[in-house]
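If you want the building blocks of each chain, they are given just below.
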Amino acid sequence: MLEDPALYACLGQDPALAEVMARIGPCRLRGADGKTPYQALIRAIIGQQLHGRAAEAILGRVCALSGGDMPEPGFLLSLPEETLRGCGLSAAKYLALRGLAQARLDGIVPGSTEAALLDDETLIARLTALRGVGRWTVEMLLIFTLGRHDVLPVDDFAVRAGWQKLRGLDLPPKPAQLRVEGARFTPWRSALAWYLWRLSEEGKSVRNALTG
């Protein structure tokens, strides 16, 4: 949980956001999650366009091939296509995982120590060059795997929906607009994103109960 007083002073300068923070409570981003960038990207690639349970099931089958752990790059590359596809991977995800493994061996995908020395935009530029890895995926890695504090994923639908709700807008903001308006919350934009995610979720369970 982020408890830096500077975070709450920065975000609390906005009256509407201060009200949201008071209602939701402390930011529960927990910093780096202990995964390497390579491991986080395996999980991200497998999980693309899948519900959580389905993604976890496929990931579990892939990990089972290496004794329950995330497969190391060399081992993953040694597996026949039919073995990996048999875990439930699409052809595109199979190719993306092979490209990721080779990129890790080539040093394009950094280890945790090297990643800590690289700035956000350098990591985004390097990793989005990989097949199946977009900017949003790398931004999630920055926030949840590397624990970066100043990342605002402006293309994220829920972040934009949260901003729409915060400002009482008729439509979600365009990404470029949100990037400009979010700049004043530097260097705590990851926490801003967290509160916008939470705000976008408020009331959904109630509505689902009433309509389900």
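Residues numbered from 1 in each chain as written. Predicted model: local features only at pLDDT ≥ 70, side-chain atom pairs only at ≥ 80, totals over all residues. Heavy atoms only, no water.

**Some thoughts on helix α11 (residues 157-167)**
Moving on, step 1. Within the span of α11, buried status applies to Val 159, Arg 160, Ala 161, Gly 162, Trp 163, Gln 164 and Leu 166.
Moving on, step 2. Contact partners of the buried residues in α11: α2 (15-24), α12 (175-182) and α13 (189-201).
Moving on, step 3. Note on α11: the residue one or two positions beyond its end, Gly 168, has a positive phi of about 65 degrees. (Buried < 20%, exposed > 50% of the residue type's maximum accessible area, 1.4 Å probe, protein only. Helix = DSSP H or I, 4+ residues; strand = E, 2+ residues; numbered from the N terminus. Contact = heavy atoms within 4.5 Å.)

**Some thoughts on the UniProt feature "domain: HhH-GPD" (unreviewed entry) in the protein**
Moving on, step 1. Taking the UniProt record as the reference, the feature "domain: HhH-GPD" (unreviewed entry) is found at residues 46-201.
Moving on, step 2. This span, residues 46-201, is 63% helix and 0% strand, and a straight line between its end C-alpha atoms measures 25 Å. (UniProt positions renumbered as here; feature names shortened; annotations may be inferred.)

**Comments concerning the side chain of Ser 200**
Moving on, step 1. By secondary structure assignment, the location of Ser 200 is in helix α13.
Moving on, step 2. With a relative accessible area of 11%, Ser 200 lands in the buried category.
Moving on, step 3. Separated by 2.7 Å, the side chain of Ser 200 and the backbone oxygen of Trp 197 make a polar contact.
Moving on, step 4. When neighbours within four sequence positions are excluded, Ser 200 is seen to be in contact with Ala 158, Ala 161 and Gly 162. (Polar contact = N/O pair within 3.5 Å; in protein donor to acceptor, adjacent residues only side chain to side chain.)

**A few points about the pattern of salt bridges**
Any two side chains of opposite charge can pair, on the condition that their charged atoms come close.
Moving on, step 1. Scanning the model with the defined rule gives twelve salt bridges in all.
Moving on, step 2. With its nearest N and O atoms 2.9 Å apart, the salt bridge here joins Arg 135 to Glu 121. Of this pair, Arg 135 sits in helix α10 (residues 135-145) while Glu 121 sits in helix α9 (residues 120-127), and the two are 14 residues apart along the sequence.
Moving on, step 3. For Arg 189, the salt bridge is made with Asp 150, and the minimal N-O distance between the two is 2.8 Å. Note that Arg 189 is positioned in helix α13 and Asp 150 in the loop between α10 and α11, a separation of 39 residues in sequence.
Moving on, step 4. Since its relative accessible area comes to 19%, Arg 189 is described here as buried. (Salt bridge = Lys/Arg side-chain N within 4 Å of Asp/Glu carboxyl O.)

**Details of the nonpolar core**
Moving on, step 1. Among the nonpolar cores identified, the biggest contains 63 residues, and Leu 11, Ile 42, Leu 100 and Tyr 195 are the most heavily contacted of them.
Moving on, step 2. Here this core takes eight residues from α13, the largest share from any one element.
Moving on, step 3. In this structure Leu 11 touches Leu 17, Ala 18, Met 21, Phe 185, Trp 188, Ala 191, Leu 192 and Tyr 195, once residues within four positions along its chain are discounted. (Core = buried A, V, L, I, M, F, W, Y, C linked by side-chain atoms within 4.5 Å.)

**Quick word on the packing of aromatic side chains**
The relation between two aromatic rings is expressed through the spacing of the ring centres and the mutual angle of the planes.
Moving on, step 1. All chains considered together, the criterion is met by three aromatic pairs.
Moving on, step 2. Ring plane angle 75 degrees and centroid distance 6.4 Å describe the contact between Trp 163 and Phe 185, whose orientation is recorded as edge-to-face. Of the two residues, Trp 163 sits in helix α11 while Phe 185 sits in the loop between α12 and α13, which places them 22 residues apart along the sequence.
Moving on, step 3. The class of Phe 185 is buried, set by a relative accessible area of 0%.
Moving on, step 4. On the basis of an interplanar angle of 85 degrees and a centroid distance of 4.9 Å, the ring pair of Trp 194 and Tyr 195 is categorised as edge-to-face. One exposure class covers both Trp 194 and Tyr 195, and it is buried.
Moving on, step 5. Lying over the aromatic face of Trp 163, Arg 167 brings its terminal NZ or CZ to 4.6 Å of the ring centre. (Phe/Tyr/Trp six-rings, centres within 6.5 Å; stacked < 30°, edge-to-face > 60°. Lys NZ or Arg CZ within 6 Å of the ring centre and 35° of its normal.)

**Re the environment of Leu 146**
Moving on, step 1. You can see Leu 146 is positioned in the loop between α10 and α11.
Moving on, step 2. Ignoring anything within four residues of it in the chain, the contact list for Leu 146 reads Ala 32, Pro 37, Ala 115, Leu 123 and Leu 141.

**Quick look at α2**
Moving on, step 1. Along α2, the positions that sit buried rather than exposed are Leu 17, Val 20, Met 21 and Ile 24. Along the axis of α2, the buried residues cluster in a sector spanning 100 degrees; they form a single face. For α2, the exposed residues lying more than 90 degrees away from the buried face are Pro 15, Glu 19 and Ala 22.
Moving on, step 2. In this fold, the buried residues of α2 make contact with α1 (5-11), α11 and α13. (Arc of directions from axis to C-beta.)

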